[in-house]
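Fold and contact review
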Amino acid sequence: MGEKIIPLADHRYAASVPLIPERPAAPSGHVADRLGRPLRDLRISVTDRCNFRCGYCMPKEVFDARYPFLPHASLLSFEEITRAARLFVAHGVHKLRLTGGEPLLRKNLERLVAMLAALRCADGRPLDLTLTTNGSLLARKARTLKDAGLQRVTVSLDALDDAVFRRMNDVDFPVEDVLEGIAEALRCGLGPVKVNMVVKRGANDHEIVPMARFFREHFGGRVVLRFIEYMDVGATNGWRMAEVLPSAEVVARIDAAFPLEPLEASAPGETAQRWRYRDGGGEIGVISSVTRAFCRDCNRARLSTEGKLYTCLFASQGHDLRVLLRGGYDDEDIAAAVGALWAGREDRYSELRGAMQADAGSGQRRVEMHYIGG
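These remarks concern the structure in this document.

The next subject is the packing of aromatic side chains. Taken as a whole, this structure holds 8 aromatic pairs when the rule is applied. Considering the side-chain rings of F258 and Y277, the 6.1 Å spacing of their centres and the 90° angle between planes classify their relative orientation as edge-to-face. Taken together, the residues span a long stretch of sequence, with F258 in the loop between helix 7 (247-257) and strand 8 (260-262) and Y277 in strand 9 (residues 273-277) at a distance of 19 residues. Y277 matches F258 in its accessibility class, with the two residues each being buried. Put simply, the rings of F52, F165 and F173 touch in pairs and so form one group of aromatic residues.

Below, the structure is given as structure tokens:
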């Protein structure tokens, strides 16, 4: 009767319990890893579930009705998420991004948003609080999210052509509903909105210029379109280098139709290279994690739905913070463990991939995108 049952889903990815230093030191507001990269950005997955089945993330043949999604008891509670976020903020994090799966599937998410919005940086400034969504529920939820304290949203949209978009999301969801979600987010003040298009050669690369044209001509420059190279996240999407369209080609296609000029990065560690239209029609960004790795500036940590800390998007092993959060440890101990983990970090997967060294012979399964967020 006293046995503790741990759901099998908890063991799908390897995780170690973080070590607490013998002499925990209070966070100083700055911690750097072995390559000198500070901790500035925490991405928090609030659910591993999604209502889309995009082939590059959650292909339907894998994530079907039999797939063992995490039971609710395994998920971090809103109180646990907020406590963890507060400890990361003490180490210098000033940006929080809520992700999934599809984060708007998490019930009462606006309550978590309000809790996180109450946190403050060391200098008293509010955190930069954002959310990434597929947009399917955004029109219904934008107002309550804004009222709770959310500042901005990023919307995933891989095509304007309705047939192409329905084929890519693989659940027959219409593109116009996502566009309405973007419009509603702007009406509510959740802007500027970023729209992310994952480009897969032969699947939707013909939509690049139509997407650029549409977002140039609509929404009054309040939407920034970004093109993401198709990445080898996880092991279920059948990734092949031949399906990657380099960002340089994306820029060339758009430049031929609407001349571009480069912009400086808006913040240290920014993933996107920025370009603006020479005629003043707004800007675009390209995220080139395959052909132009930006590991050297990466300042992002990721907290999974069940409380595992990952220090790289392409990691195969996490660190189980949930054990500490539920194990009676105090804030000082957990903060010290987080600081020690980051200080020991040396991840640079994308750089090693380019040198044909990444994951060489390891046999380890990299974490899936739906579980860790983007």
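Across the 5 residues that make up strand 5 (residues 152-156), a large majority, 4, are buried. Of the pairings in the sheet, the one linking strand 4 (residues 128-133) to strand 5 comprises 4 bridges and is parallel in character. When the bridges of strand 5 are listed, T132 appears paired with T154.

With that settled, consider the packing of helix 1 (residues 78-90) against helix 2 (residues 109-117). The geometry of helix 1 relative to helix 2 is characterised by a closest axis approach of 10 Å and an angle of 25° between their N-to-C directions. The angle between helix 1 and helix 2 falls in the class roughly parallel. Where helix 1 crosses over helix 2, the two elements pack in a sense that is right-handed. Each of F78, E79, I81, T82 and A85 in helix 1 lies in contact with helix 2, whose residues at this interface are L109, R111, L112, M115 and L116. For the contact of helix 1 with helix 2, a count of residues per class yields 7 nonpolar, 1 polar and 2 charged.

The subject of this paragraph is the pairing of strand 10 (residues 283-287). Of all the 5 residues making up strand 10, 4 are buried; the element is thus mostly covered by neighbouring parts of the structure. The pairing of strand 7 (residues 223-229) with strand 10 spans 4 bridges and is parallel. Looking at strand 10, one finds that L225 is bridged to I284. Taken together, the 4 bridges between strand 9 and strand 10 define a ladder with antiparallel strand orientation. Within the sheet, the bridge partner assigned to R276 lies in strand 10 and is E283. Where strand 9 folds back on strand 10, the antiparallel hairpin that results is connected by 5 residues, among which G280 adopts a positive phi of roughly 85°.

Here is what the cut-offs are and how they apply
What you see as residue numbers is a count from 1 along each chain, following the sequence as written. Given that this is a predicted model, residues contribute local features only at a pLDDT of at least 70 and side-chain atom pairs are listed and counted only at 80 or more, while totals for whole chains, interfaces and linings are drawn from all residues. The side-chain quantities take in all heavy atoms of the structure and omit both hydrogens and water. Centres within 6.5 Å make a pair out of two Phe, Tyr or Trp rings, where for Trp the six-membered ring is used; the pair is then stacked when the planes are under 30 degrees apart, edge-to-face when over 60, and tilted otherwise. Only runs of H or I of at least four residues qualify as helices and only runs of E of at least two qualify as strands under DSSP, and these elements are numbered from the N terminus. Here the term buried applies to any residue with accessible area under 20% of the maximum for its type, exposed to any over 50%, and partly exposed to those in between, with areas from a 1.4 Å probe on protein chains only. Strand pairing requires that DSSP identify at least two bridges connecting the strands. Every angle, taken between N-to-C directions, lies between 0 and 180 degrees, and every axis is a line fitted to C-alpha atoms, over only the stretch in contact when it is a helix. Each angle is binned into one of four classes, with values under 35 degrees roughly parallel, values over 145 roughly antiparallel, values of 65 to 115 roughly perpendicular, and all other values oblique. Helix crossings are classified by the rotation of the near helix relative to the far one: an anticlockwise turn of less than a right angle makes the crossing left-handed, while a clockwise turn makes it right-handed. Residues count as neighbours in contact if any of their non-hydrogen atoms are within 4.5 Å of one another. Basically, the charged four are Asp, Glu, Lys and Arg, the nonpolar ten are Ala, Val, Leu, Ile, Met, Phe, Trp, Tyr, Cys and Pro, and anything else, Gly included, counts as polar.

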